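As a plain string of letters, each chain reads:
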Amino acid sequence: MSGTLITVAPTGAEVDKAEVPVLPVTLDELVDTAVKCEAAGASIVHVHLRDDDAKPTLDPVRLRDAVAALRESTDLIVQLSTGGSVRDGEEARLAVLDAEPDMASCTMGTVNFGDDVFTNRWEFVVRLHERMRELAVVPEYELFDLGHLASLERLLDRHGLPFGDHVHVDFVLGVPGGAAGDASTVSAFAEGVRRYLPEGTTFSATGIGRTTLPVMFASLAHGGHLRVGMEDTTSYARREPVTGNDQLVARAAAAAALAQRPAITTVEARKLLRMRDAD
Ligand code: KMH
Ligand code: ZN
């Protein structure tokens, strides 16, 4: 597989709708941006939901509705966030999996997160990993720091491979409190994947805020995949706000094409990640 898997993370839990009016927060807005992002080259949508006040929510009914609506209007792989917001508790985050997504995120350790702490206790990570396997949900292991690579090696060693036997990770770089978002850090993570994780492990990378471009180009240079979206950056360039998530996906797809690793389709992405409906 020589193409590039592009994930879009359109909303997140941190960006304030009042400050960024184009942020998709309603179900209609989410579906609308997902359709456009698929057309622009995305194959996975990483989903956080908002309530009627545009605040982050893990409401189970909304989660099920979102999975159904995204499946109805797109062929995108639906990846629900089990990270939620820094204020969400473990039981609510685990219950996200009951909405039966194709994929879900699983963060490999606790990390300072700006002025907050994003808590991911070892026992909780193990529960997420095991519950995903029971439900045939493919995990995307989120790595915010280099130590998270060693934690993932330990998790796989003690608790076995995930559903589908393929390991896919995402480097989330440039969070204040986590690993830096620059090319040499991407190199260190890519080397760590080769050294500590099973052969064939795939990785994507995203850089928060202004680190988005160096991380994107470095990931492509290392044979990695890409995540972009307004969860991670709301500026397209200096003093130029993002007009929509599809603008970021289109730029990522253009960069991937320049690197001679064009964006892969959703069908190819399902095969790459050994999803249950890959064939
Ligand atoms: N919102 C962050 C605290 C994930 O989606 O799994 C966590 C996050 C990671 O966004
Ligand atoms: Zn997220």
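Residues numbered from 1 in each chain as written. Chains lettered and ligands numbered in written order. Predicted model: local features only at pLDDT ≥ 70, side-chain atom pairs only at ≥ 80, totals over all residues. Heavy atoms only, no water.

**Focus: the overall build of the protein chain**
Alright, step 1. Along its length, the protein chain carries nine helices and 14 strands.
Alright, step 2. Taking 2.2 N^0.38 as the reference for a compact globule, 279 residues should give roughly 19 Å; the C-alpha atoms of the protein chain span a radius of gyration of 17 Å, in line with that estimate.
Alright, step 3. Its C-alpha atoms put the protein chain at 45 × 45 × 40 Å along the principal axes.
Alright, step 4. Looking at the 279 residues of the protein chain, the share that counts as buried comes to 54%.
Alright, step 5. A fraction of 73% describes how many contacts in the protein chain between residues 6 or more apart in sequence connect residues 24 or more apart.
Alright, step 6. Within the structure as shown, the protein chain displays about 11,800 Å² of accessible surface, and the carbon and sulfur contribution to it stands at 50%. (Helix = DSSP H or I, 4+ residues; strand = E, 2+ residues; numbered from the N terminus. Rg over C-alpha atoms; globule rule 2.2 N^0.38 Å. Buried < 20%, exposed > 50% of the residue type's maximum accessible area, 1.4 Å probe, protein only. Contact = heavy atoms within 4.5 Å. Areas by Shrake-Rupley, 256 points an atom, 1.4 Å probe, with all protein chains shown as cover.)

**What to know about the packing of aromatic side chains**
Alright, step 1. Applying the stated rule across the entire model yields five aromatic pairs.
Alright, step 2. Ring centres of Phe-118 and Phe-144 lie 5.7 Å apart, and the angle between their planes is 70 degrees; on these two criteria the pair is classed as edge-to-face. With Phe-118 in strand S8 (residues 116-118) and Phe-144 in the loop between strand S9 (138-143) and helix H5 (147-159), the pair connects residues that are 26 residues apart, well separated along the chain.
Alright, step 3. In this structure Phe-118 comes out as buried when scored by relative accessible area, which is 7%.
Alright, step 4. Given the relative accessible area of 7%, Phe-144 is considered buried.
Alright, step 5. A centroid spacing of 4.9 Å and a plane angle of 45 degrees characterise the contact between Phe-171 and Phe-189, whose relative ring orientation is tilted. Here Phe-171 is found in strand S10 (residues 168-173), whereas its partner Phe-189 is found in helix H6 (residues 183-196), with 18 residues between them in sequence. Grouping residues by exposure puts Phe-171 and Phe-189 together as buried.
Alright, step 6. In this structure, Arg-251 is placed above the aromatic ring of Tyr-236, and the distance from its NZ or CZ to the ring centre is 4.1 Å. (Phe/Tyr/Trp six-rings, centres within 6.5 Å; stacked < 30°, edge-to-face > 60°. Lys NZ or Arg CZ within 6 Å of the ring centre and 35° of its normal.)

**Notes on the nonpolar core**
Alright, step 1. Of all hydrophobic cores here, the largest spans 38 residues; its most connected members are Val-47, Leu-70, Leu-80 and Val-249.
Alright, step 2. No other element matches helix H8 (residues 245-258), which puts six residues into this core.
Alright, step 3. Listed in part, the 31 residues of the second largest apolar core include Phe-124, Leu-152, Val-167 and Phe-203. (Core = buried A, V, L, I, M, F, W, Y, C linked by side-chain atoms within 4.5 Å.)

**Points about the pattern of salt bridges**
Alright, step 1. One pass over the structure, following the stated rule, counts 17 salt bridges.
Alright, step 2. A salt bridge links Arg-194 to Glu-191, with the shortest nitrogen-to-oxygen separation between them at 3.8 Å. Here Arg-194 and its partner Glu-191 are both found in helix H6, three residues apart, which amounts to about one turn of the helix.
Alright, step 3. Judged by its relative accessible area of 35%, Glu-191 falls in the partly exposed class.
Alright, step 4. Glu-191 serves as the salt-bridge partner of Arg-195, at 3.6 Å between the closest nitrogen and oxygen. One end of the pair is Arg-195 and the other is Glu-191, both in helix H6 and four residues apart, which spans about a single turn.
Alright, step 5. Taking relative accessible area as the criterion, Arg-195 reaches 56% and is therefore assigned exposed. (Salt bridge = Lys/Arg side-chain N within 4 Å of Asp/Glu carboxyl O.)

Distances and angles like these do not, on their own, reveal function.
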